[in-house]
Amino acid sequence: RYIYFAATTCDGKNENHRMFAIENTNADPFTGTFTWKGQVADVTNKWAIDGTMFSHPSGQLYFIWSGWEGNVDGRQILYIARMSNPWTINSTRVEIARPVYNWETNHKPYINEGPQVSIRNGIISLVYSASGSWTNDYCLGLITASTSSDPMNATSWQKHANPIFRSANDVVGPGHH
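Source: prediction; values computed, not measured.

Asker: Which parts of the structure should I look at to understand the overall build of the protein?
Answerer: What the protein contains, in helices and strands, is zero helices and 12 strands. For the protein, the sequential pattern of α-helices and β-strands runs β-β-β-β-β-β-β-β-β-β-β-β. A compact globule built from 177 residues should have a C-alpha radius of gyration of about 16 Å, and the protein, at 16 Å, falls within 12% of that. Projecting the C-alpha coordinates of the protein onto the three principal axes gives extents of approximately 45 × 45 × 35 Å. Out of the 177 residues in the protein, the part that is buried amounts to 44%.

Okay, here's the thing in structure tokens:
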């Protein structure tokens, strides 16, 4: 059982957010103790939040997170990388989604974050949050890939042009499903 979380690495500054992992080997994660596994990072070691791991039907582990392309807060992009175990990335990161639609770019910084994966009937469905979490425009988008495709190939992923959940009927700013 693993918990992935974002924290600043040293000084509390936002630009130093990185992903970390802890592990509990007990079948019931509410008992036992957690062991520090360390930082979960690719070689760029850039700003990172909202990491999630999934196991492809082939058995390969992947990590998906929201990160910055550079060193400043311009936009949050979804990246994927292969893992050698649930706390170690062993490949370069590949961009699979960046904010491009008006419902993703209506507030700065432009944001794709909070990825969550489900796999069913040969389809990898990745639901993510878009727009500003502090606004009524926060919503959920969807990108998909076939399990027969290579998740590390950016062209394997198809981003849907419209959000799957957005503010409506007294529900405001749904996000981080």
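Asker: Teacher, can you tell me more about the pattern of salt bridges here?
Answerer: A side chain of one charge can pair with a side chain of the opposite charge if their charged atoms are brought near each other. All told, the structure shown has five salt bridges when counted by the stated rule. Of the charged contacts in the structure, one is a salt bridge between Arg 98 and Glu 69, with a shortest N-O distance of 3.1 Å. In this pair, Arg 98 sits in the loop between β8 (94-97) and β9 (110-120) while Glu 69 sits in the loop between β5 (61-67) and β6 (75-85), placing the two residues 29 residues apart along the sequence. Residue class for Glu 69 comes out partly exposed when judged on its relative accessible area of 43%. When the shortest N-O distance is used, the salt bridge between Glu 104 and Lys 159 registers 2.7 Å. On the criterion of sequence distance, the pair formed by Glu 104 in the loop between β8 and β9 and Lys 159 in strand β12 (residues 158-159) is long-range, its members being 55 residues apart. As far as the burial class goes, Glu 104 and Lys 159 line up, both buried.

Asker: Looking at this model, I keep getting lost on the sheet that holds strand β3 (residues 35-40). Mind explaining?
Answerer: Strand pairs in the sheet, formed through backbone hydrogen bonds, run parallel or antiparallel to each other. Taking strand neighbours across the sheet as the criterion, the three strands line up as β1-β2-β3 in an open arrangement whose pairing is antiparallel. Lying at the two open borders of the sheet, with one neighbouring strand each, are β1 (2-8) and β3. When the angles between neighbouring strand axes are averaged without regard to direction, this sheet yields 30°. Sheet topology places strand β2 (residues 17-23) next to β3; five bridges connect them, and they run antiparallel. Bridge pairing in β3 links Ala 21 to Gly 38.

Asker: Looking at this model, I keep getting lost on the side chain of Arg 18. Mind explaining?
Answerer: Mapped onto the elements of the fold, Arg 18 is located in strand β2. A distance of 2.9 Å separates a polar side-chain atom of Arg 18 from the backbone oxygen of Asn 45. Apart from residues no more than four positions distant in its own chain, Arg 18 is found in contact with Phe 5, Ala 6, Ala 7, Thr 9, Gln 39, Asn 45, Lys 46, Trp 47 and Ala 48.

Asker: How should I be thinking about the environment of Tyr 79 in this particular structure?
Answerer: Residue position: Tyr 79 is located in strand β6. Overall, Tyr 79 belongs to the buried group, its relative accessible area being 4%. It is 19 Å that separates the C-alpha atoms of Tyr 79 and Ala 161, two residues lying 82 residues apart in sequence. In contact with Tyr 79, other than residues within four places in its own chain, are Phe 63, Ile 64, Trp 65, Gly 67, Trp 68, Glu 69, Arg 93, Val 94 and Glu 95.

Asker: How do you make sense of the packing of aromatic side chains when you look at a structure like this?
Answerer: Under the definition given, this model contains 12 aromatic pairs. These aromatic residues form a ring-pair network of at least three members: Tyr 2, Tyr 4, Phe 63, Trp 65, Tyr 79 and Trp 87. Its guanidinium or amino end placed over the ring of Trp 87, Lys 37 lies 4.1 Å from that ring's centre, counting from NZ or CZ.

Asker: Just to check I follow, could you spell out the environment of Asn 24 for this structure?
Answerer: Counting through the fold element by element, Asn 24 comes out in the loop between β2 and β3. Spatially, the C-alpha atoms of Asn 24 and Asn 112 are 29 Å apart, while their sequence positions differ by 88 residues. Leave out the neighbours within four places in its chain, and Asn 24 touches Arg 1, Pro 29, Thr 31, Gly 32, Thr 33 and Phe 34. A polar side-chain atom of Asn 24 sits 2.8 Å from the main-chain amide nitrogen of Asn 26.

Asker: What is the right way to look at unusual backbone geometry in this model?
Answerer: Trans peptide bonds make up the majority, and among non-glycine residues the majority have a negative phi. Lys 108 connects to Pro 109 through a cis peptide bond whose omega is -5°. Relative to the helices and strands, Pro 109 resides in the loop between β8 and β9. Residues other than glycine seldom take positive phi values, yet Ser 131 does so here, at roughly 75°. Position of Ser 131 among the secondary structure elements: in the loop between β10 (123-130) and β11 (139-146). Even without a glycine there, the phi angle at Asp 170 is positive, about 70°. Assignment of secondary structure puts Asp 170 in the segment after β12. Among the residues examined, Asp 170 registers a relative accessible area of 81% and is labelled exposed.

Procedures and definitions
Each chain carries its own residue numbering, running from 1 in the written order of its sequence. Per-residue local features are limited, in this predicted model, to residues with pLDDT of at least 70; the limit for side-chain atom pairs, both in listing and counting, is 80 or more; totals at the level of whole chains, interfaces and linings are taken over all residues. With hydrogens and water stripped out, all remaining heavy atoms of the structure feed into the side-chain values. The helix count covers DSSP runs of H or I at least four residues long, the strand count covers runs of E at least two residues long, and both are numbered beginning at the N terminus. This radius of gyration counts C-alpha atoms alone. The globule rule is 2.2 Å times how many residues there are, raised to the power 0.38. We call a residue buried when its accessible area falls under 20% of the maximum for its residue type, exposed when it is over 50%, and partly exposed in between, using a 1.4 Å probe and counting protein chains only. The term salt bridge refers to a pairing of a side-chain nitrogen on Lys or Arg with a carboxyl oxygen on Asp or Glu at a separation within 4 Å. Note on pairing: DSSP must find at least two bridges between two strands before they are called paired. Helix axes are fitted to C-alpha atoms over the stretch in contact, other axes to C-alpha atoms as well, and angles between N-to-C directions run from 0 to 180 degrees. In protein, a polar contact means a hydrogen-donor-capable atom and an acceptor-capable atom, both N or O and within 3.5 Å, with residues adjacent in sequence counting only if both atoms are side-chain atoms; elsewhere, any N or O pair within 3.5 Å suffices. Contacts between residues were defined by any pair of non-hydrogen atoms, one from each residue, lying within 4.5 Å. Side-chain rings of Phe, Tyr and Trp, where Trp is taken by its six-membered ring, are said to pair if the distance between their centres is within 6.5 Å; with planes under 30 degrees apart they count as stacked, over 60 as edge-to-face, and otherwise as tilted. Lysine and arginine charges are scored as sitting over a ring when NZ or CZ, respectively, is within 6 Å of the ring centre and within 35 degrees of the ring normal.

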